[in-house]
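Residue-level listing of the chains:
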Amino acid sequence: MKTTIQEQDNQFVVNLDGELDTAAALETEKVLQPLFKSNGKDVLFECEKLEYISSSGLRILLGILKGARANGSKVIMKGVNDDIKSVFKLTGLISLFEFA
């Protein structure tokens, strides 16, 4: 799993590349730690190269969403494939996130 963060246009842009499974979740969470307090900036997840997400990955995204909302920010999921979007639907999380 490769995860990168850039700051662009007053928002954080996160590129997720690979499988965000349980094994990759710990390292990914460390990389994404600064986003748990987004400081009023929106967080855009670029998911075109995200191949899989586990419950551990969803937990990380929920933690970031909670911090973002507390600061008046949004979390936007962009380029999510149909398989991953179905995971969001099955878990009931589809309504919590914004998809672009």
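Scroll up to find the structure.
Residues numbered from 1 in each chain as written. Predicted model: local features only at pLDDT ≥ 70, side-chain atom pairs only at ≥ 80, totals over all residues. Heavy atoms only, no water.

Trainee: Got a minute to help me understand unusual backbone geometry in this structure?
Mentor: A negative phi angle is the norm for most residues apart from glycine, just as the trans form is the norm for most peptide bonds. With a phi close to 50°, aspartate 9 is a non-glycine residue in the positive phi region. Relative to the assigned elements, aspartate 9 resides in the loop between β1 (2-8) and β2 (11-20). Within the chain, asparagine 10 stands out as a residue other than glycine whose phi angle is a positive 60°. Tracing the sequence through the fold places asparagine 10 in the loop between β1 and β2. (Helix = DSSP H or I, 4+ residues; strand = E, 2+ residues; numbered from the N terminus.)

Trainee: Which parts of the structure should I look at to understand the pattern of salt bridges?
Mentor: Side chains that differ in sign of charge can pair as their charged atoms come close. Counting across every chain of the model gives 3 salt bridges. Note that lysine 41 is salt-bridged to glutamate 7, the shortest N-O span being 1.9 Å. Of this pair, lysine 41 sits in the loop between α1 (22-32) and β3 (42-53) while glutamate 7 sits in strand β1, and the two are 34 residues apart along the sequence. Arginine 59 is the salt-bridge partner of glutamate 29, the closest N and O atoms lying 3.3 Å from each other. Of this pair, glutamate 29 sits in helix α1 while arginine 59 sits in helix α2 (residues 55-70); the two residues are 30 residues apart in sequence, bridging distant segments of the chain. In this structure arginine 59 comes out as partly exposed when scored by relative accessible area, which is 46%. (Salt bridge = Lys/Arg side-chain N within 4 Å of Asp/Glu carboxyl O. Buried < 20%, exposed > 50% of the residue type's maximum accessible area, 1.4 Å probe, protein only.)

Trainee: Is there a simple way to think about the environment of isoleucine 84 in this case?
Mentor: Here isoleucine 84 shows up in helix α3 (residues 82-91). Distance from isoleucine 84 to tyrosine 52, taken between C-alpha atoms, is 6.4 Å for residues 32 residues apart in sequence. Beyond its immediate sequence surroundings of up to four residues, isoleucine 84 is in contact with Leu50, Glu51, Tyr52 and Ile53. (Contact = heavy atoms within 4.5 Å.)

Trainee: Help me understand the packing of aromatic side chains, please; the structure alone is not making it clear to me.
Mentor: Think of a pair of aromatic rings as described by two things: how far the centres are apart, and how the planes are tilted against each other in angle. One pass over the full model with this rule turns up 2 aromatic pairs. Between phenylalanine 88 and phenylalanine 97, the ring centres sit 5.4 Å apart and the planes meet at 80°, which makes this aromatic pair edge-to-face. Taken together, a centroid distance of 5.3 Å and an interplanar angle of 85° make the contact between phenylalanine 88 and phenylalanine 99 edge-to-face. Of this pair, phenylalanine 88 sits in helix α3 while phenylalanine 99 is found in strand β5 (residues 98-99), placing the two residues 11 residues apart along the sequence. Through a chain of ring-to-ring contacts, the aromatic side chains of Phe88, Phe97 and Phe99 assemble into a single cluster. (Phe/Tyr/Trp six-rings, centres within 6.5 Å; stacked < 30°, edge-to-face > 60°.)

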